[in-house]
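Notes for the structure review
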Amino acid sequence: MRVTIAEVARRARVSKTTVSRVLNNKSDVDAATAVRVREVIAATGYIPSAGAVGLAKGRTGLVGVLVPGLSPPGTGEVLQAIADVVDAKDHGLLLGTTSRGEESIERFAHQVRARAFDGLLLVAPPPAVTDLEALRDSDLPVVVVDGTHPTLASVSADDPAGAAAVARHFLARGRRRVAVVTGPAAVTGRRLAGFRAALAETGMPLGEPAVTEADLTVAGGRLAVRRLLAGGLGFDAVFACDDAVAAGVLSGLREAGRAVPDAVAVAGFGDTPLAEAMGLTTVRRPLRALGETAARKLLDRLTGDAPLSGTTVLPSELVVRESAP
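For the structure given in this document, a descriptive report is provided here. (Residues numbered from 1 in each chain as written. Predicted model: local features only at pLDDT ≥ 70, side-chain atom pairs only at ≥ 80, totals over all residues. Heavy atoms only, no water.)

1. What to know about the pairing of strand S5 (residues 153-157)
For S5, the tally of buried residues reaches 5 of 5 residues, placing the bulk of the element in the interior. What you see with S5 is no split at all: Ala153, Val155 and Ala157 on one side and Ser154 and Ser156 on the other are buried throughout. By the bridge criterion, 4 bridges tie S5 to strand S11 (residues 311-314) in an arrangement that is parallel. Of the residues in S11, the one forming a bridge with Ser154 is Thr311. (Buried < 20%, exposed > 50% of the residue type's maximum accessible area, 1.4 Å probe, protein only. Helix = DSSP H or I, 4+ residues; strand = E, 2+ residues; numbered from the N terminus. Pairing = 2+ DSSP bridges.)

The following block contains the structure:
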């Protein structure tokens, strides 16, 4: 049976905090007491956990990471990048999701109050997380990953510039009647804004009839393009603010007999494996760089005196393939 710090404390007739102070070579422990504690440790073969060693230091050696879920495209790449940086700095990860809604968020709030980690990385967090009273009241270092926040340090991708590059690519290829399939504003709002602004620069405002919203799925994209066609809107290019939606747009256009890219050019956003498999022009987001940059920013604060504020914006990249050459 594994010996615990509580057992060491009981045998040495001290508190667990005193044992932890001895383990951390604190000078404020009486010499005789320290000797007694070390004798018990040697006699029992006690192996201290990272948590026990961290008690006296006020640190856990852990970085908390909260993500909406593990299934969204790109999440794994961001998490792997975070894990690589954190592991290289001899820290551990405590991973949580908000997949169970309020129950998950309450459990996360409890961890914040309990100081279960030294710092936090919040990946694409919903307002229900960033507005938590427990988070506001804590002094935990926090970095928002793949998003922005008015008071928290953040690392984000330049989605507006990526979408603007799509608009300029369409215009450079002579596409003048453009439609957009967007999604929830929290996910795709900045992409739509960037695309709209690039068109407006050339005196081609994007009219509201040319914009339709869809679920961020292949089925959602298929339904969206059917709505555009049924509405009689003439278009020669479609920008879908998500790759899965763009795949549905491709499917819907082909079902309707509209040749891609001859009759209609199509572009997506994300550069997921689906985009590459379907020959989809899209915007590549710097997923690994997002995770690496955010983790380094947080660890620089935890292991030194680096300031933790402001937003770091990383560039996106237009990837041209067969759907919109």
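2. Description of the packing of aromatic side chains
Applying the stated rule across the entire model yields 3 aromatic pairs. Ring centres of Phe170 and Phe195 lie 6.3 Å apart, and the angle between their planes is 80 degrees; on these two criteria the pair is classed as edge-to-face. Residue Phe170 is located in helix H9 (residues 159-172), and its partner Phe195 is located in helix H10 (residues 185-201); the two are separated by 25 residues in the primary sequence. An identical accessibility class is assigned to Phe170 and Phe195; each is buried. An aromatic cluster is built from Phe170, Phe195, Phe239 and Phe269, whose rings are joined through pairwise contacts. Residue placement shows Arg258 over the ring face of Phe235; its charged tip is 5.4 Å from the ring centre. (Phe/Tyr/Trp six-rings, centres within 6.5 Å; stacked < 30°, edge-to-face > 60°. Lys NZ or Arg CZ within 6 Å of the ring centre and 35° of its normal.)

3. A short note on the pattern of salt bridges
This model, assessed by the stated rule, comprises 19 salt bridges. Between Asp146 and Arg285 there is a salt bridge, with its nearest N and O atoms 2.5 Å apart. Of this pair, Asp146 sits in the loop between strand S4 (142-145) and S5 while Arg285 sits in the loop between strand S10 (282-284) and helix H14 (287-303), and the two are 139 residues apart along the sequence. Judged by its relative accessible area of 12%, Arg285 is buried. Arg168 serves as the salt-bridge partner of Glu201, at 3.3 Å between the closest nitrogen and oxygen. In this pair, Glu201 sits in helix H10 while Arg168 sits in helix H9, placing the two residues 33 residues apart along the sequence. Arg168 gets classed as partly exposed once you look at its relative accessible area, which sits at 42%. (Salt bridge = Lys/Arg side-chain N within 4 Å of Asp/Glu carboxyl O.)

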